[in-house]
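Listed below are the residues making up each chain.
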Amino acid sequence: MPHIILFYKYAPLSSDANIMALYQKALADLCKSLNLTGRILVGMSDDAEGINGTLAGNEKKDVWAFCRALLGKEWCLQNPEENDDDGGDSNGINIKNSCRHRRDVAIEIFWEKSLAFATAANIPVVEIDTPEDFKWSNVESNGSDSNNGVDAMFPDLQIKLVKEIIGTGGVL
């Protein structure tokens, strides 16, 4: 069953295309490593445009890993029971564990890239405030699609830099 999230965060970013490319790549790499498709609009502005996205994945743990990445390191450390791995344990993200799951590795890489972007843009790291800020939806499949409909709904990943999120109307 496809798992879908919708999210947004108003935050000042940057109007510098080279700096914004850092964040665009960080988001793209995270989504690709978690097998997520959909679209994310990133406001290329010093004003509080921020980010707005709709993503889908076949595995709920992959979608939740994206949420954890955007909730940030501090949130994950303060809520270790919310950090699950394939074993179902709740030990949080264990940086010293050599057998870490690919999701944890993807999250840590995203955090490093996100920090590099924030430093270059001279802004705080962009983080979603609470898990409730992600709106979840599950789509029932009719069983005829081997990918449970994710490919049909979101055939690819688009992360677009836009001047104004509201003015785009979601059109890429």
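Calculation criteria
Residues numbered from 1 in each chain as written. Predicted model: local features only at pLDDT ≥ 70, side-chain atom pairs only at ≥ 80, totals over all residues. Heavy atoms only, no water. Core = buried A, V, L, I, M, F, W, Y, C linked by side-chain atoms within 4.5 Å. Buried < 20%, exposed > 50% of the residue type's maximum accessible area, 1.4 Å probe, protein only. Helix = DSSP H or I, 4+ residues; strand = E, 2+ residues; numbered from the N terminus. Pairing = 2+ DSSP bridges. Axes fitted to C-alpha atoms, helices over the stretch in contact; angles between N-to-C directions. Contact = heavy atoms within 4.5 Å. Phe/Tyr/Trp six-rings, centres within 6.5 Å; stacked < 30°, edge-to-face > 60°. Lys NZ or Arg CZ within 6 Å of the ring centre and 35° of its normal. Expected span 1.5 Å × (residues − 1). Polar contact = N/O pair within 3.5 Å; in protein donor to acceptor, adjacent residues only side chain to side chain. Parallel < 35°, antiparallel > 145°, perpendicular 65-115°, else oblique. Left-handed = near helix turned anticlockwise from the far one by under 90°.

1. Structural notes on the nonpolar core
- Counting 40 residues, the largest nonpolar core has Phe7, Phe66 and Leu70 as the members making the most contacts within it.
- Contributions of two or more residues to this core are made by β1 (3–9), α1 (17–33), β2 (37–43), β3 (51–57), α2 (60–71), α3 (73–78) and α4 (102–121).

2. A look at the sheet that holds β2
- Read across the sheet, five strands follow the order β4-β1-β3-β2-β5 without closing on themselves; strand pairing throughout is mixed. The two strands at the open ends of the sheet, each matched to only one other strand, are β4 (135–138) and β5 (157–162). Each strand of the sheet is rotated relative to its neighbour by a mean of 15°, with strand direction disregarded.
- Note: β1 against β3, seven bridges, orientation antiparallel. Looking at β3, one finds that Lys9 is bridged to Ile51.
- α1 rests against β2, β3 and β5 of the sheet, and its axis sits at about 165° to β5.

3. Thoughts on the packing of aromatic side chains
- Going through the model one piece at a time under the given rule, you end up with six aromatic pairs.
- With 4.7 Å between their ring centres and 25° between their planes, Tyr23 and Phe117 make a pair best called stacked. Remark: Phe117 occurs in helix α4 and Tyr23 occurs in helix α1; sequence separation between them is 94 residues. Phe117 shares its class with Tyr23; the two are buried.
- Aromatic ring contacts, followed pair by pair, group Phe7, Phe66 and Phe134 into a single cluster.
- One Lys or Arg, Lys60, reaches over the ring of Trp136 and ends 5.7 Å from the middle of that ring.

4. Some points on unusual backbone geometry
- Phi at Asn35 is positive, roughly 60°, even though this residue is not glycine.
- Structurally, the position occupied by Asn35 is in the loop between α1 and β2.

5. Focus on α1
- For α1, spanning 17 residues, the distance from its first C-alpha to its last is 24 Å, which sits close to the expected 24 Å at 1.5 Å a residue.
- When α1 is considered as a whole, its buried residues turn out to be Ile19, Met20, Tyr23, Ala26, Leu27, Ala28, Leu30 and Cys31.
- Of the surrounding secondary structure, the elements contacted by the buried residues of α1 are β2, β3, α2, α4 and β5.
- Measuring from the backbone nitrogen of Asn18 back to the side-chain oxygen at the start of α1 gives 2.8 Å, which picks out Asp16 as the cap.
- Positive backbone phi, at 60°, marks Asn35, one or two positions downstream of α1.

6. Considering the packing of α2 against α4
- Two elements in contact, α2 and α4, have axes separated by 9 Å at closest approach and are oriented at 25°. Classified by the interaxial angle, the pair formed by α2 and α4 is roughly parallel. The handedness of the crossing between α2 and α4 is right-handed. Between α2 and α4, the contacting residues are Lys61, Asp62, Ala65, Arg68, Ala69 and Leu70 on the first element and Arg102, Arg103, Asp104, Ile107, Phe110 and Trp111 on the second.

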